[in-house]
Amino acid sequence: MTVLVNADGTLERAEVNGQINMKSFLTGNPDVKLGLNEDLTINKDEQGYGNHAQLDRCSFHQCVDLREFTTARILTVRPPEGEFSVMTYQVPEDFPISIPFRLITVVNDTDVNRDIDVRLKLRCELPINSHAVNVKLKLPVPKITTNISQQLSDPGQTAVFQSNEKCILWQINKVSGGMEVSGTFRIIAPGRTKSSRLELGPVALDFEISNYVCSGLRIRFVKIFDRSQSLVPPSKWVRLLTLGDSYIFKI
């Protein structure tokens, strides 16, 4: 997921690139049928209805049979052993996407004879039954910064000044949907000037969200058939995952 948010909080760009990966240990070349959203539309020339998912620029692995895809949104896969990408896709740029995080930034740097105070408030916009883990925010600071002090809102958070990269790394173990976390940082930068403010930011966000996808794509079922087309009941597991590829907040 690629997101760029302006300093006033308006969304400048949001792009979602996704894929369906499969890891198979099956023998005997069985057919695996994947049922996707029945109301899924591909490309802008297809008409959807309701709160449907819409994808663009789809490509499929050579082992995928698409004969049932147009009418029933079913992919028939004869998987090779190991892991591979069944399908890759993009979400159209004009399709409304709910981004999972918002950031409010307050900077106090009016007096060049004092340190810079920065307050970051991160809000998770996920549904309340979802959460993000391994959340990391990286805030570049002026090159003359020597140290920082910090005040974090909750346990399960850490923040360090990485002097070699001249940035603050704020790490949060878990953020649930609807939750807000905040960090207040004093940036100690002796001898700074007004132009030092230009070296502050932007904030880069990294995260991992399980059981949630921004595209709205769903897998309705996974069924496995042997060569006689008899249903086979091996173990199967579907995992949904959203990752922040380039998620940037201007400040």
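Now for a description of the structure that goes with this document. Being a predicted model, the structure only gives us computed values, none of them experimental. (Residues numbered from 1 in each chain as written. Predicted model: local features only at pLDDT ≥ 70, side-chain atom pairs only at ≥ 80, totals over all residues. Heavy atoms only, no water.)

## A few points about the sheet that holds strand β13 (residues 147-152)
For clarity, the cut-off: In this analysis, strands are considered paired if DSSP registers two or more bridges between them. Secondary structure elements follow DSSP: runs of H or I no shorter than four residues count as helices, runs of E no shorter than two count as strands, and numbering proceeds from the N terminus. Lines fitted to the C-alpha atoms define the axes, with helices restricted to the stretch that makes contact. Angles between their N-to-C directions range from 0 to 180 degrees.
The strand order across the open sheet built from four strands is β10-β11-β16-β13, with neighbouring strands paired in antiparallel fashion. Each edge of the open sheet is held by one strand with a lone partner, namely β10 (101-108) and β13. Pairwise comparison of adjacent strand axes, ignoring direction, gives a mean angle of 20 degrees for this sheet. For strand β11 (residues 116-124) and strand β16 (residues 180-188), the ladder comprises eight bridges, and the chain directions are antiparallel. If you follow D117 over to β16, its bridge partner there is R186.

## A word on the environment of C58
We apply this condition: Working rule for contacts: check all heavy atoms of both residues, and any pair within 4.5 Å makes them a contact.
Within the secondary structure layout, C58 lies in strand β6 (residues 54-60). Along the sequence, C58 and Q19 sit 39 residues apart, while their C-alpha atoms lie 9.2 Å from each other. When sequence neighbours within four positions are dropped, the list of residues in contact with C58 reads I42, M87, T88 and Y89.

## Remarks on the packing of aromatic side chains
To keep it simple, the criterion reads: Aromatic contacts are taken between Phe, Tyr and Trp rings whose centres are within 6.5 Å, Trp giving its six-membered ring; a plane angle under 30 degrees counts as stacked, one over 60 as edge-to-face, and the others as tilted. Accessible area is worked out with a 1.4 Å probe on protein chains only. A residue is then buried under 20% of its type maximum, exposed over 50%, and partly exposed in between. Two conditions define a charge sitting above a ring: the NZ of Lys or the CZ of Arg must be within 6 Å of the ring centre, and it must be within 35 degrees of the ring normal.
Throughout the structure, instances matching the rule amount to five aromatic pairs. Each ring, one from F60 and one from F69, has its centre 5.5 Å from the other, and the planes form 70 degrees; the classification is edge-to-face. You can call F60 partly exposed: its relative accessible area is 26%. Cluster of aromatic residues (ring-pair linked, three or more members): F101, F207, Y247 and F249. Here the basic side chain of R73 rests over the ring of F69, its NZ or CZ set 4.8 Å away from the ring centre. For the cation-ring pair, K223 lies above F221, with the distance from its terminal atom to the ring centre recorded as 4.8 Å.

## Thoughts on the side chain of D117
Within the secondary structure layout, D117 lies in strand β11. Apart from residues no more than four positions distant in its own chain, D117 is found in contact with V106, V107, N108, F185 and R186.

## Section: unusual backbone geometry
Among all residues except glycine, the phi angle is most often negative; among peptide bonds, the trans geometry is most common. Residue P202 is reached from G201 by a cis peptide bond, and omega for that bond is 0 degrees. Among the secondary structure elements, P202 is positioned in the loop between β16 and β17 (203-210). One non-glycine residue with positive phi stands out, namely N211, at about 60 degrees. For N211, a relative accessible area of 57% puts it in the exposed group.

Scope: geometric values only; no functional claims are made or implied.
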